[in-house]
Amino acid sequence: MTDTIKIDALTRDGAKEELARLADILARANLAYHTDDAPDISDAEYDAFKRRNAEIEARFPDLKRDDSPSEQVGAPVADGFSKVTHAVAMLSLSNAFDDADVSEFDARIRKYLGLTSDVSLTYTAEPKIDGLSLSLRYEDGVLVQAATRGDGAVGENVTANARTIEDIPDQLKGAPAVLEVRGEVYMSHPDFEALNDRQAAAGQKSFANPRNAAAGSLRQLDANITRARPLRFFAYAWGALSDPLADTQMGAIERLHALGFQTNPLTRLCDGPDEMISHYRVIEQERATLGYDIDGVVYKVNDLGLQSRLGFRSTTPRWAIAHKFPAELAWTRLDAIDIQVGRTGALSPVARLTPVTVGGVVVSNATLHNEDYIAGRDNKGEQIRDGKDIRVGDWVQVYRAGDVIPKVADVDLSKRPKDAQPYVMPTRCPECNSEAVREPGDAVRRCTGGLICPAQAVEKLKHFVSRAAFDIDGLGAKQVEQFHADKWIAEPADIFTLRDRYGTGLQQLKNREGWGEKSATNLFDAIDERRNIGLGRMIFALGIRHVGEAAANLLATHYGMWEAFSVAMRTAEDGNDAWEDLISIDGVGAVMAGSLATTFNQQAELASIDRLVAHLNIEEAVRPDTADSPVAGKTVVFTGTLEKMTRAEAKARAEALGAKVSGSVSAKTDLLVAGPGAGSKAKKAADLGIETIDEDGWLDLIGTA
Ligand code: IVH
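This is a predicted model, so every value here is computed, not measured.

Peer 1: Got a minute to help me understand the pairing of strand β15 (residues 395-400) in this structure?
Peer 2: Look at any regular strand and the pattern is simple: side chains alternate between the two faces of the sheet. When strand β12 (residues 328-341) meets β15, the two strands line up antiparallel, connected through six bridges. The residue of β15 that forms the bridge with A330 is V398. As paired strands, β15 and strand β16 (residues 407-412) are joined by five bridges and run antiparallel to one another. Within β16, the residue paired with V396 across the bridge is V411.

Next up, the structure:
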């Protein structure tokens, strides 16, 4: 910072000049930071300039400029956006890729609800907008908060930015006292092109597609930049609500429209899969001339009563699905096949391609999955691509759908070079030279180096700090790679001793290239903050094979506490009680259970986990919305015929209320719900003195008779 004159010593003229200088510096810094993604001053310097500006303004209030940096809405804050915990999680949608998937969706719903094919079931069908979702909270009709989806549970507070979007009303007349409107922020094609022209004219980077432009524009720390970007908003859903909007999805959309939101004019009511698919074709036809990007059609059960009975799986509603448009394709040359080693040791072949544009994005890599895929076989040994294998030098057709990693769809054998050789998968790990073996039943070859393999270790660390895991501000994949390469961290536990080892002394983080006093302290503080960690995140962060984010959360809610989880994993063995309890969790199968048990039985892994746990305070998992549930924590068994709902629905609803549903009666059973035809289970329950009720009694108990 170049300012030296003390504020007390400034003359009036000097102050005026200094305010002009600061306004200029801060405006430039904003531009460099936001539009170029290339900040030219540090966050600390930025803060200091802003503070100095505010202090001068406080001393000479009448000299405050019209374009004063302190008046700028949502002007950058050093730590980015504040976090917002969504009152109702923002979920994603499961996908349908062809007509058969749509019919299956309808069949699944009917089966779940126990509806026969003669009962009609209506759906809405509407375009799936390719933008980014936003949740707008209105209290007494006034917009009080706007938040991005984030990880679904916690998003970013972008209220100031959302207020600059014309399609987002500041006030609503006649809205429920609490209303969270959800929808998609997007940019139209003409606005996108004009923005890129402006960017080019100003010598700034252009955006790859309207979605990136919309995301980049909404997530500006300075709302004035967002204001200058023409963003739009379609409302299509809602979160927290004090009163229902309507009885049907269509009614709710109409209500949102009447309240002043843009809703998509291509939304239709459809009477079953045939009509849904024909509306899909209509939307597909209109796609090119809509003027904004869409990537499919979303179908939703129209009756909101049925929606609530159907409820949610861990990350997606049962009552909706996204029918995606076919992916975009392009031909290019496969120049090389490289092997990447993942955190579980999987050797993944990656195609290096001559760069080609697919659907507006330059693609230079594609996943090749595993050796069978390269050879032209799927995981059941059946032919794919008519059995054509993939060789270095081949012309390949690549495709990408949405955000997924590009894949190889086809090979042009007529262009295959004469000397092209079938690809041979290495049998040693290219990173640590340990043997790479393929176990029976496993599609991939895996490095057996375990913790000694640097690639596995670094991938595990990257996973550990990723967004859905420990999500430590300032510690991303790049930093982890550098720290690992320099032997500062070898395993997750080492992250929590960084301050002790590199906060003071000979080698210090703040002296590393790219680091400074402030960023080093910020990192140490961010690490300290994460010493308190939720159980779901903790389990996910361990990077155990087959245990994704959703499964980790299921395990967390089931076991509640780290100690209970870890004891169970250490003792679970095929057939014993801990094992049975583990696989009784809906969503945990024998494969995942086996993977958990194996991990918790490997001494080196276990020791590494124990070293990590010693630095942490792992929070108890809370079961959502079960505080006043009469069945929370109870073990319930259903038997006999249920007449008002299917077994699947009964189980899902009991679990949503915090109950554990078991398939067999034992001394641990708290309640038996017995319908007509109940046999041995009812008898056993009677012998054990377990409370038994019928279906109506159950509905009475859970309050939905
Ligand atoms: S409904 C509970 N409707 O697609 C699910 N989503 O892949 C509520 N999206 O995160 C979402 N257009 O960002 C819904 N008409 C539409 C949509 C739509 C785009 C996005 C949304 C969501 C993602 C899921």
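Peer 1: Please explain the site of the ligand as it appears in this structure.
Peer 2: As a matter of local geometry, the ligand sits amid 13 residues, with E126, I129, E184, Y236 and K300 nearest to it. A distance of 3.3 Å separates an oxygen atom of the ligand from a polar atom in the side chain of K128. Within the side chain of S133, one N or O atom sits 3.4 Å away from an oxygen atom of the ligand. In the complex, 87% of the free accessible area of the ligand, which totals 530 Å², lies under the protein chains.

Peer 1: I keep staring at the packing of helix α5 (residues 189-201) against helix α6 (residues 210-218) and nothing clicks. Help me out?
Peer 2: The axes of two packed helices give the description: the angle between them and the distance between them. The interhelical angle for the contact between α5 and α6, taken along N-to-C directions, is 70°, at an axis separation of 10 Å. Considering their axes alone, α5 and α6 lie roughly perpendicular with respect to each other. Across the interface between the two elements, H189, F192 and L195 of α5 pack against P210, A213 and S217 of α6. Classifying every residue of the contact of α5 with α6 gives four nonpolar, two polar and no charged.

Peer 1: Any chance you could explain the pairing of strand β10 (residues 294-301) here in plain terms?
Peer 2: Burial of β10 is extensive: eight of the eight residues sit out of reach of the surface. Across seven bridges, strand β3 (residues 123-129) lies against β10 in antiparallel orientation. Within the sheet, the bridge partner assigned to K128 lies in β10 and is G296. The pairing of β10 with strand β11 (residues 320-324) spans five bridges and is classified as antiparallel. Looking at the pairing, Y299 lines up with I321 of β11.

Peer 1: Can you walk me through the sheet that holds strand β24 (residues 691-693) in this structure?
Peer 2: The pairing of strands in a sheet happens through backbone hydrogen bonds and is either parallel or antiparallel. Spatially, four strands are ordered β22-β21-β23-β24 in an open sheet, and the strand pairing comes out parallel. Each edge of the open sheet carries a strand with a single partner, namely β22 (660-662) and β24. Taken over all neighbouring pairs, the strand axes of this sheet differ in orientation by 30° on average, direction set aside. Here strand β23 (residues 671-674) runs beside β24; their pairing, made up of three bridges, is parallel. Counted as the bridge partner of V673 is I693 from β24.

Peer 1: Would you take a moment to explain unusual backbone geometry for this structure?
Peer 2: Among all residues save glycine, negative phi is the norm, and among peptide bonds the norm is trans. Even without a glycine there, the phi angle at D471 is positive, about 45°. Relative to the assigned elements, D471 resides in the loop between α12 (454-464) and α13 (477-485). Under the relative-accessibility criterion, D471 is labelled partly exposed at 23%. The backbone of H546 sits at a positive phi, close to 75°, despite the residue not being glycine.

Peer 1: In this structure, what is going on with the sheet that holds β3? I would like to understand it.
Peer 2: One open sheet accounts for five strands, arranged β2-β11-β10-β3-β9; its pairing is mixed. In this open sheet, the two strands that pair with only one neighbour each are β2 (95-96) and β9 (268-270). Here β3 pairs with β9 via three bridges, running antiparallel. The residue bridging A125 from the neighbouring strand is R268, located in β9.

Peer 1: Any chance you could explain the packing of aromatic side chains here in plain terms?
Peer 2: Centre distance and the angle of the planes are the two values used to describe a pair of aromatic rings. For the coordinates displayed, the defined rule picks out 18 aromatic pairs. For the pair Y186 and Y292, a centre-to-centre distance of 5.2 Å together with 55° between the ring planes defines the contact as tilted. Pair noted here: Y186 is in strand β7 (residues 178-186) and Y292 is in the loop between α9 (273-286) and β10, with a separation of 106 residues, a long-range link. A single burial state applies to Y186 and to Y292, both of which are buried. Taking the centre distance of 5.4 Å and the plane angle of 45° together, the rings of Y280 and F325 count as tilted.

Peer 1: Just checking my understanding: could you explain the side chain of Q456 for this structure?
Peer 2: Relative to the assigned elements, Q456 resides in helix α12. For Q456, a relative accessible area of 7% translates into the label buried. Residues within four places of Q456 in sequence aside, it is in contact with V341, G342, R343, T344, G345, C447, G449 and G450.

Peer 1: I tried to follow the nonpolar core on my own but got confused; where do I start?
Peer 2: Generally speaking, a soluble globular protein has its nonpolar side chains buried in company with each other. Counting residues in each nonpolar core, the largest one holds 58 residues, and the members touching the most others are I495, M538, L555, W562 and L582. Those residues in contact with M538 that lie beyond four places of it in its chain are F470, I533, W562, L612, V613, L616 and I618. Judged by nonpolar contacts, the second largest core, of 35 residues, contains F81, I165, M187 and L195.

Peer 1: Just to check I follow, could you spell out helix α19 (residues 562-571) for this structure?
Peer 2: Because an α-helix packs 3.6 residues into every turn, residues spaced three or four apart end up facing the same way. Three or more residues of α19 are buried, namely W562, F565, S566, A568 and M569. All buried residues of α19 project into a common sector of 160° when viewed along the axis, lining one side. Along its buried surface, α19 packs onto α17 (535-541), α18 (549-559), α20 (577-583), α21 (590-599), α22 (603-613) and β20 (617-619).

Peer 1: Got a minute to help me understand the packing of α12 against α13 in this structure?
Peer 2: Contact pair α12 / α13: the axes reach a minimum separation of 9 Å and the direction vectors enclose 140°. On the basis of the axis angle, α12 is oblique to α13. In the packing of α12 onto α13, the handedness of the crossing is right-handed. Counting all contacts with α12, which are made through P454, A457, V458, L461 and K462, the residues of α13 involved are A477, V480, E481 and H484.

Peer 1: Teacher, can you tell me more about the pattern of salt bridges here?
Peer 2: Charged atoms that come close allow side chains of opposite charge to pair. A complete count under the given rule lists 43 salt bridges for this structure. A salt bridge links R110 to D106; the nearest nitrogen and oxygen atoms lie 3.1 Å apart. Of this pair, R110 and D106 both sit in helix α3 (residues 99-113), four residues apart, roughly one helical turn. With relative accessibility at 8%, the residue D106 sits in the buried group.

Calculation rules
Residues numbered from 1 in each chain as written. Predicted model: local features only at pLDDT ≥ 70, side-chain atom pairs only at ≥ 80, totals over all residues. Heavy atoms only, no water. Pairing = 2+ DSSP bridges. Helix = DSSP H or I, 4+ residues; strand = E, 2+ residues; numbered from the N terminus. Near = heavy atom within 4 Å. Polar contact = N/O pair within 3.5 Å; in protein donor to acceptor, adjacent residues only side chain to side chain. Areas by Shrake-Rupley, 256 points an atom, 1.4 Å probe, with all protein chains shown as cover. Axes fitted to C-alpha atoms, helices over the stretch in contact; angles between N-to-C directions. Parallel < 35°, antiparallel > 145°, perpendicular 65-115°, else oblique. Contact = heavy atoms within 4.5 Å. Nonpolar A, V, L, I, M, F, W, Y, C, P; charged D, E, K, R; others polar. Buried < 20%, exposed > 50% of the residue type's maximum accessible area, 1.4 Å probe, protein only. Phe/Tyr/Trp six-rings, centres within 6.5 Å; stacked < 30°, edge-to-face > 60°. Core = buried A, V, L, I, M, F, W, Y, C linked by side-chain atoms within 4.5 Å. Arc of directions from axis to C-beta. Left-handed = near helix turned anticlockwise from the far one by under 90°. Salt bridge = Lys/Arg side-chain N within 4 Å of Asp/Glu carboxyl O.

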